[in-house]
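# Summary of the model geometry
Chain by chain, the residues run as shown.
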Amino acid sequence: MRQQELERWLVASLEDFKLSQSEALELREILPHLANDDIAFARNKAFQLAREPIQVGGDNAVATLLWLEKLSKTIDNFRQSETSSIAEAHFSPGEDCRRQLLDLLVSARESIAISVFTISDDRLSDAILAAHKRGVNVRLITDNDKARDQGSDIYYLIDLGLPVRMDASENHMHHKFAVIDKKTLVNGSFNWTRSATDFNQENILVTDEPKLVSAYLAEFESLWQDFK
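Remember, predicted model here, so these are calculated numbers, not experimental data.

## Points about the overall build of the protein
Summing up its helical and strand segments, the protein has nine helices and seven strands in all. In summary, the protein has a C-alpha radius of gyration of 22 Å against a globular reference of 17 Å for 228 residues, an excess of more than 25%. Dimensions along the principal axes, computed over C-alpha positions, put the protein at roughly 75 × 35 × 35 Å. Taking all 228 residues of the protein together, 43% fall into the buried category.

See below:
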């Protein structure tokens, strides 16, 4: 988005003197695609646009201040998330692991590389498909034997156009990891199944440590080529 378009977006947002929920969501979608200079421009332009109605005073001045505060907070939260490192542990049974996976799948903007033994949890499968449909480059590596299990979602995902590759041996493709947007790694014992959420003692780790992300991406690409 060019700076002129950013300015038009800000002007349109300020017309009713409030940053609506839909506008805040739209801004969160826009920010990852902006250079640092453009983000700084957006913040400075927002202050410039807010100056006149604040100086005039009255109800619109208060509303403008709230608009500016909410917009600035949205930008600050984004910049903090971009600069802070991630190091999290999640455990099951319970929703912790699945909820974290769903959040990561929903947040993906460019790519999702998944290498898992099996997928049979419909909520996770639906989130994978939703990412695929919104244009995220989703690729899946899985085990050929488990793909044929009753309840497996693998062939359902294949039928709907998801790129999937499997091993073709008596051994198992037993990995359970995913890399989101080439910068966030999730890895652990957690199978992407309902049983893993409801009954099993499982875990995942989430990190954006560059060396680990790079190593798992390299493993994924190697398997993707091996399983042509």
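## Some points on unusual backbone geometry
P93 follows S92 through a cis peptide bond whose omega is 10°. Residue position: P93 is located in the loop between β1 (87-92) and α5 (96-107). Here F17, not a glycine, exhibits a phi torsion of approximately 60°, which is positive. Secondary-structure assignment places F17 in the loop between α1 (3-14) and α2 (21-30). Under the relative-accessibility criterion, F17 is labelled partly exposed at 23%. With phi around 55°, D181 is a residue other than glycine that occupies positive phi space. Note on placement: D181 falls in the loop between β5 (176-180) and β6 (184-188).

## A look at the sheet that holds strand β2 (residues 111-116)
Taken together, seven strands build an open sheet; the order of strands is β1-β7-β6-β5-β2-β3-β4 and the sheet is mixed. Looking at which strands have only one partner, the edges of the open sheet turn out to be β1 and β4 (164-166). Each strand of the sheet is rotated relative to its neighbour by a mean of 15°, with strand direction disregarded. Relative to β1, α5 is tilted by about 130°, and along the sheet it contacts β1, β2, β5, β6 and β7 (202-207).

## Re the environment of V206
Relative to the assigned elements, V206 resides in strand β7. Along the backbone, V206 and E15 are 191 residues apart, and their C-alpha atoms lie at a distance of 41 Å. Residue contacts for V206: discarding those within four places in its chain leaves I86, A87, E88, H90, Q100, L104, T184, L185 and V186.

## Quick notes on helix α3 (residues 36-56)
In this model α3 runs 32 Å from its N-terminal to its C-terminal C-alpha over 21 residues, within 8% of the 30 Å that 1.5 Å per residue would give. Its axis deflected by about 30° at A50, α3 carries its strongest bend there, up to four residues before the proline P53. Following α3 by one or two positions, G57 has its phi on the positive side, about 85°.

Rules and cut-offs
- Residues numbered from 1 in each chain as written.
- Predicted model: local features only at pLDDT ≥ 70, side-chain atom pairs only at ≥ 80, totals over all residues.
- Heavy atoms only, no water.
- Helix = DSSP H or I, 4+ residues; strand = E, 2+ residues; numbered from the N terminus.
- Rg over C-alpha atoms; globule rule 2.2 N^0.38 Å.
- Buried < 20%, exposed > 50% of the residue type's maximum accessible area, 1.4 Å probe, protein only.
- Pairing = 2+ DSSP bridges.
- Axes fitted to C-alpha atoms, helices over the stretch in contact; angles between N-to-C directions.
- Contact = heavy atoms within 4.5 Å.
- Expected span 1.5 Å × (residues − 1).
- Bend = angle between axes of the 7 residues up to and from the residue.

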